[in-house]
Each structure stands twice: as structure tokens, then as C-alpha cells.
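So you can see what is in the structure, the chains are spelled out below.
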Amino acid sequence: MHKTIGQINERIREGSARVVTAEEMPGIVAELGEEGALKEVDVVTTGTFGAMCSSGAFLNFGHAEPPIRMERIWLNNVEAYGGLAAVDTYIGATQQSDTLQAEYGGAHVIEDLVAGKSVELRASSHGTDCYPRRTITTELLLENLNQAIMCNPRNAYQRYNAATNTTDRALHTYMGTLLPGSGNVTYSGAGVLNPLSNDPKLRLIGSGVPIFLCGAPGMVIGEGTQHSPAGGFGTLMVTGDMKQMSQEYLRAATMTGYGVTLYVGLGVPLPVLDLDVVRATAVRDEDISVDILDYGVPSRSRPTVRTATYAELRSGSVEINGEEIRTSPLSSFRRARKVALELKQWVESGKMPLALPARAIDPIKQNKPMHQSKKGPRVLDIMDRSVITIGETEEIRTAAKKLLKGETNHLPVVNEKGILVGIVTTFDVSKAVANPGKAHLVRDIMKTKVITAAPDESVDIAIQKLEQNNISALPVIDSDHRVIALLTAIHLGKLLGGRWLK
Amino acid sequence: MKLLVTFSRGKGRKPIIAQVVRDTGVLINVERANIDSSEGEALIDVPDEQCQLVRDSMSGLGAKVRILEHGIIYNESECVDCGACISICPREVFCFDADWKLQYADEKCILCGKCIDACPHRALNLPL
């Protein structure tokens, strides 16, 4: 047996369609069987509500008198794109305010407009014969705009990696606050209710398919950017009319230490055409697993600590190395449910007729990393190979002499095998000389917790280490922990005006 | 009952909390403390019926004592029930109910402030 989209829309018009949420579907399939569920259910509604950074809106202001060709544009001091001819702009959610930085951004401008608040437009131009005006400042309400069309390049991730942090320092990421020593796990996504997880083969979700977007009827444009369904990370590009949106399903947010983002409520109604749709929409939290990645590693490829299903993550804790670690979602399951329920009402009441994709989205595509024609500077490009070290059993006086002779402020300390065991600075030696006590040997005054760099490490990572630890030099070590060079703030000066910053 | 004790360490560096424990016999639970060379602030928990005794004793030793009636201020209209606060709270003040609505146990809060920055929606604030 199968149903056509026409039959399902006919039942919706008659008011006899059975619409359920994706959360209810697994239970129905378990009770009635797949055939029974196909007969019983006509539409499954999905929903998700979470941080979707890659969001924004096209705004049209109409012409001023005299007219202006706006080239640089700010909305409440948040810069918007000025390359769209005279009176259009695109405001991106993550763009930060020039004055309030991360506490206010494009997402807040969008939320303020939707909430009915007035927003200040400020723009400048070089002035042309056809557009003589050079500046404009005006207060605008959403109703004053001709169009306010939300257009989000990358929304509704099929699932998202969970995060933890094995370092000894708290991290502030787009995955929220990550406590040191794997102190917590954060995750995002609606699991059982997620649109793409209920249609992983992309048979039903594609260009032109009607959706719920922030409380307004919207539409799928096509595949989202970074779309990578081969690995289970499909995304959607979506659009909707901001004038019909509600603050209930659209919220600006700030991830401390990361920046501004927009919480978006999005749902897709799925027509139950055949058994394949029944099986796909019977998916449960237990069936969807994600990797818990170590965000302590500042690289594109972060190591996986373990995998966990949404059911495990949602239980409140997961086990890592024999310890129960508490979990926090960053997306709201309660609001995802509200999206799916409101969408259910829309379909039942005939407000949103269903449609199949006008054009399908690639279900097997694999996303590629950035092609980098030039490698950025690495530590080995600027490090000082003529590093002077000192043995741990040498006298402090020897260290003082070496510091003077070597014109350096840092001496890596090595043991008899040449392996790095500590570091002493001019400060440590001066302190020992000024307050003579029991300390005679270098090992008595050295710091044993040494932050190091690897030769093939990116300079950006090394700079991050210097900043975070408030230090000015890093011993560079090989894989056997032997000191091969020193990287100091002075060497970073080589980058300025050098070949790397062209 | 939670008491916020602030003291200056200028005169004699008196071990105020230890002194009060010895004088009153009340077992004081120090929930958090921030003490440096010149001043200190400690949040302590004492049984309700012995609160007055501890307050008087601390005040007598020159500390300022304030009863903390409320934990963090929770603004429900800004909250979207995401739960980012749950795992970073050292006292498990936050949890979900059966409908995934955020629940807030005011009495467990020690005002450490960790949740304030962790809330993406700025729904949690320190009381004035």
C-alpha cells in the first residue's frame, strides 16, 4: 500500500487526516505495526529549537528623499551587508555590535524587529548623480520595511557532535561552557523530533517543501551550506517571512566567550506515503548517536572521547572513563516539541498543505574541508634554534650567567638525558639571589609545569598558549620531549612585516 | 539558612569562622569563600534555629553578616528551557521536569555565579 501526496492533501481538506508528531510515531508503529501505522497516520510533524548561527535576513527599506545608495549600513550599531544596491541589506545573526560587542548582535536586531521594537538604521554613501544623499539615520519598525525575508544558509543540522573538555582550563565555546577535566558534556539537537533524522534519505525534504520557521510559514530553499548527509550531518537552507514570525520561536543569544547566535524554531511536516516513510519516522532517540568530541584540542579534527545516543545524553549523565558526567543540552526540547505540536495544528487546520520537493537534495554528499593554497606560519618557521638549556643539577649562579651570556630570559631545564623537566626565568633567578635561602640548585627553583610547543604546530595555536597562560616563551620540543628550540614573543615579531602577513 | 559573611582582615587576622564554631558549638558549613590578604567573603550555611546565635557571635567579632534569602534571580520570560545551566552548576540547582521545563531549586543556590555566563539567554542574574 502507498498513499499519494494528493490523497493526503485531500484528507487534510476533508479534516480527516491523522497528524502526529515524530515523538508519537515510534509508539504508534510499535502498537500498530508498520502496515497499520501507514494506514493510520497521514502526516508526521517534526521540530527543533536551537542555536543556528548561520541565519540572517534580507531587509528592504524603500527609498529616502532625496534617495541614497547605501554602502555602509548599521542597524542598532550592528553592521549589515552594503553590497546589495541602494536600499537592501542582509543582516547576519552573528555580526556583533560596534559598541556592545557580544552582548548585542544581528540576532538581537532580528529579535527586536520581530518583537515590534524600533531599530535605528544608519547608513552612508559616497553620493552619485542618481543617488545624491550621503548619510541617513532613521528609526524603523518591522512594519515600515517593504520586505523582511529571513534566509538562513545553514539550519536544522541532522544531528550535532556533543562536546567535552579534557584540559585543565574551562573553555567557552559555541557548545557553551565546558568545565575542565571532562567536568560536563554539552549537546545540541532535538533527536527524535529532528526533521532530517526523520527523513535521512531526503525523499520528502527538498526545495519548495513548506516548513514552520520561527512561527511563520516558510520554505526549504535547498541543501544548506556544509550539507554532509554522508556522515549524518545534513543541513537545510530555509526562508520565511519575518513579518509573520513570533518571538516565541526566535531568540537572540550570546554564548559567552564565543559570540552572538540566533535560536531558531524550525519544523517540517512529513507526508506518510509508504512503508519507507513509516520506518524512517519511527526513529527514536536511542537510534541516533553522536560523537562526544574533546573541544580541548583546538583543531578541525577533534578526538572522539566516546559516542552516545540522544537517549543517553538526554538521561542527564553519561559515563566517561568510569565516571558519571552530567550533560546539558543547548537546544530546548520543550520548544522543539511546541514547534512540532503547533505545526501539527497548522496541518490539521489546513493552514499548511503538504508538497513534495520540486527538486531533490543530494542525500549522499560529503562535505570537504577548506582548500588551503598556502599553509599559515608554523612554529618551526620562526622559532629560535640556538636555544640555551641548563641541567637541573647545576647551580643557580650558573643559570644567572647563562641568562646574561645568552641574552635570554628563559632557560629550559633538562635532565641528564636531555629531556625537558622544567623552566627557569630571569625572575626566578633574581628572586633566588635576592632572597638567599636553602635553594642552591636549578631544580630547587624551576617551574616543573612547562607549557610547550611542537615544531609543526600553527603559530596561532602557540600564540593562544602564550596568551592563556600569561607567559612570554614556549620551549619547542620533539616527540621525545627533547628541547630543540625556543619560541618567544620576540620571534613572533618576525611575522610582522614578514612574508606571512602579505 | 545561608549567611553571607564579609570581614576585613586588617586587625590581627582573627580566625573568625573557627572562633565562632568554637564559641557557639554550631557546625558551620562553608559553601564557598573568597579570602585574600585584606578582606574576605564567605557564604556559610547554618541550621535555622542557630542562625541568630551565629550572627550575633560573628558580628561581635567584627564581621558583617547578611541573611541570603534568595539564590540567583531566574527570569522565566527570557528562559527557553535549553538547560545549558544544568551541568555547570556545582550544586545541581537546575533540572528538567517531566515536560522538559527547567526547574530551579532556589534553596540549593550558593550564588557562585557560574550559571550567569553559561546562560545563552541572559535569564540568570545575581540578586542586588
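Conventions used here
- Residues numbered from 1 in each chain as written.
- Chains lettered and ligands numbered in written order.
- Predicted model: local features only at pLDDT ≥ 70, side-chain atom pairs only at ≥ 80, totals over all residues.
- Helix = DSSP H or I, 4+ residues; strand = E, 2+ residues; numbered from the N terminus.
- Buried ≥ 20, exposed ≤ 12 C-beta atoms within 10 Å, placed from the backbone.
- Core = buried A, V, L, I, M, F, W, Y, C linked by C-beta atoms within 7 Å.
- Contact = placed C-beta atoms within 7 Å.
- Pairing = 2+ DSSP bridges.
- Axes fitted to C-alpha atoms, helices over the stretch in contact; angles between N-to-C directions.
- Parallel < 35°, antiparallel > 145°, perpendicular 65-115°, else oblique.
- Left-handed = near helix turned anticlockwise from the far one by under 90°.
- Nonpolar A, V, L, I, M, F, W, Y, C, P; charged D, E, K, R; others polar.

A word on the overall build of chain B
And then number 1: The secondary structure content of chain B amounts to three helices and eight strands.
And then number 2: Beginning at the N terminus, the succession of helices and strands in chain B can be written as β-α-β-β-α-β-β-β-β-α-β.
And then number 3: Along the three orthogonal principal directions, the C-alpha set of chain B runs to about 50 × 30 × 20 Å.
And then number 4: Within the span of chain B, comprising 128 residues, buried residues form 30% of the whole.

Some thoughts on the nonpolar core
And then number 1: With 126 residues, the main nonpolar core has Val-43, Ile-110 and Ile-205 of chain A together with Cys-85 of chain B as its most contacted residues.
And then number 2: Considering each element in turn, this core owes the most residues, six residues, to helix H6 (residues 333-348) of chain A.

Remarks on the interface of chain A and chain B
And then number 1: Counting residues at the interface gives 23 residues for chain A and 16 residues for chain B.
And then number 2: When residues of the side of chain A that touches chain B are traced back to their parent elements, those giving at least two are strand S15 (176-178), strand S16 (185-187), strand S20 (250-255), strand S26 (323-329) and H6 of chain A.

Overview of the sheet that holds strand S27 (residues 390-391) of chain A
Residue and element names in this part refer to chain A.
And then number 1: In space, the three strands of this open sheet follow the order S27-S28-S29, with mixed pairing throughout. The sheet is open, and its two edges are formed by S27 and strand S29 (420-425), each paired on a single side.
And then number 2: As paired strands, strand S28 (residues 410-414) and S29 are joined by five bridges and run antiparallel to one another. The partner of Val-414 across the bridge, within S29, is Leu-420.

A short note on the packing of helix H8 (residues 396-406) of chain A against helix H9 (residues 426-434) of chain A
Residues and elements named next belong to chain A.
And then number 1: Running from N to C, H8 and H9 point in directions that differ by 135°, and their axes come no closer than 10 Å. As far as their axial angle goes, H9 and H8 are oblique. In the crossing of H8 with H9, the sense of the turn from one axis to the other is left-handed. Along its contact with H8, which presents Ile-396, Ala-399, Ala-400 and Leu-403, the element H9 presents Thr-426, Val-429, Ala-432 and Val-433.
And then number 2: Within the contact of H8 with H9, the residues separate by chemical class into seven nonpolar, one polar and no charged.

Brief notes about the sheet that holds strand S1 (residues 19-21) of chain A
Residue and element names in this part refer to chain A.
And then number 1: With respect to topology, three strands assemble into an open sheet ordered S1-S2-S22, the strand pairing being mixed. In the strand order of this sheet, the two ends are held by S1 and strand S22 (269-271), each with one partner. Going across the sheet, the axis of each strand differs from the next one's by a mean of 25°, ignoring polarity.
And then number 2: Pairing of S1 with strand S2 (residues 43-45) involves three bridges; the strand directions are parallel. Counterpart to Thr-21 in the pairing with S2 is Thr-45.

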